[in-house]
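# What the coordinates show
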Amino acid sequence: MDMQNIENQIEGLKSRLDAIDKKTADNKLAMIVFSGDLDKALAAFIIATGAVAMGMDVVMFFTFWGTPVLRDAKKNVGGKDMMGKMFGSMLPKGTGAVKLSKMNMGGMGTAMMKSLMKKKNVASLEEMIALAEELGVKIYVCEMSMDLMGFKREEFIDYKDLGFAGVATFLQEAQNSKMQLFL
Amino acid sequence: MSDDIQVAKVFDLKGLACPMPVVKVSKGIKEVEVGEVIEAQTTDPGSLTDFPAWAKTSGNEIVKTEQEDKLITFYIKRLV
């Protein structure tokens, strides 16, 4: 009788442990990149690659103004409607066209910052994206933003772990991550 | 090189800026066996606080830090 009692208690504890395990967040960083500014995109990738170095898994979710940062300047897609064409030409086409959030000064500030970064041996946004890819950082692009701005999947950069998803995917990732950031 | 520490591998990270030193050292430490020590040379002043933070989080040990002008040398023991 006593033995049975103990076995029951162990079973109960086991199932409670399993439940707790499911609730414990992974050693993961879930990041929203909302901004399409060069400085903020750079910060996002520096944090992302740094987090991998610290032993974390990283998932980045690009939405709204962050979306066009990941367009590939070399890729041209047709078949867009008028609004799609307008957004396509007005928003930056990839990393090369992304500007500073402050002191852009008609592009002069951004050019100066880029040359300064080169001089000081700070990795460019292109290099940071390549590094993130090499380190296995997962990137999702927001489908809704793409739809709004008329972007097509074919015009995004070649990146090993690039996916297209919605808010539920981000929230699921965020729920299982012990760190969440919004940039 | 410090004379009392047996170094398995040296990483020249001089001139690199954040986050590169920490990214490279986190990859580099996996190139030696657990228990071995790597030497990492940086000129990024931020690495003085970043390397200890990285070591603590990743579970490795900085056994010695040397500073000479702008050159900072870390001796890091792989523990995990």
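Refer to the structure above for everything that follows.
Note that this is a predicted model, so its numbers are computed, not measured.

### Thoughts on the overall build of chain A
Each helix and strand in chain A was counted, giving 7 helices and 5 strands. Secondary structure elements of chain A, listed N to C terminal, follow the sequence α-β-α-β-α-α-α-β-α-β-α-β. For chain A, whose C-alpha radius of gyration is 21 Å, the value lies well above the compact-globule estimate of 16 Å for 183 residues. Taking the principal axes of the C-alpha coordinates as reference, chain A spans close to 80 × 45 × 25 Å. The buried share among the 183 residues of chain A stands at 31%.

### Observations regarding the sheet that holds strand β1 (residues 7-13) of chain B
Residues and elements named next belong to chain B. Pairing is mixed in the open sheet, where 4 strands are placed in the order β1-β2-β4-β3. Looking at the sheet topology across the chains shown, the edges are occupied by β1 and β3 (61-68). For this sheet the average axis-to-axis angle between neighbouring strands, irrespective of direction, equals 15°. One ladder, built from 6 bridges, connects β1 with strand β2 (residues 37-42); its direction is parallel. Considered in β2, the bridge of Val7 is made with Val37. Sitting on the sheet, helix α1 (residues 20-28) is in contact with β1, β2 and β4 (71-77), with an inclination near 155° to β1.

### A look at the packing of α1(B) against helix α2 (residues 47-58) of chain B
All names here are of chain B. Packing of α1 against α2 brings their axes to within 10 Å, and their N-to-C directions diverge by 35°. Viewed along their axes, α1 and α2 form a crossing whose handedness is right-handed. On the side of α1, the interface is formed by Pro21, Val22, Val25 and Ser26, while α2 contributes Ser47, Asp50, Trp54 and Ser58. Classifying every residue of the contact of α1 with α2 gives 4 nonpolar, 3 polar and 1 charged.

The rules behind the values
- Every chain is numbered independently, its residues counted from 1 as its sequence is written.
- Here every chain gets a letter starting at A, and every ligand a number starting at 1, in the order they are written.
- Residues qualify for local features only when their pLDDT is at least 70, as the model is predicted, and side-chain atom pairs are given and counted only at 80 or more; totals for whole chains, interfaces and linings, by contrast, use all residues.
- Only DSSP runs of H or I with at least four residues qualify as helices, and only runs of E with at least two residues qualify as strands; both kinds are numbered from the N terminus onward.
- Our radius of gyration is a C-alpha quantity, and the globule rule it is checked against amounts to 2.2 Å times the number of residues to the power 0.38.
- Residues with at least 20 neighbouring C-beta atoms inside 10 Å of their own are called buried, those with 12 or fewer are called exposed, and the rest are partly exposed, where every C-beta is derived from the backbone.
- Only strands that DSSP links by at least two bridges are regarded as paired with each other.
- In this description, a line fitted to the C-alpha atoms serves as the axis of each element, helices being fitted only across the stretch in contact, and the angle between N-to-C directions of two axes falls anywhere from 0 to 180 degrees.
- In this description, any two residues whose backbone-derived C-beta atoms lie within 7 Å of each other are considered to be in contact.
- When the near helix sits turned anticlockwise from the far one by under a right angle, the crossing is termed left-handed; a clockwise turn instead gives a right-handed crossing.
- Amino acid classes used here: Ala, Val, Leu, Ile, Met, Phe, Trp, Tyr, Cys and Pro are nonpolar; Asp, Glu, Lys and Arg are charged; the rest, including Gly, are polar.

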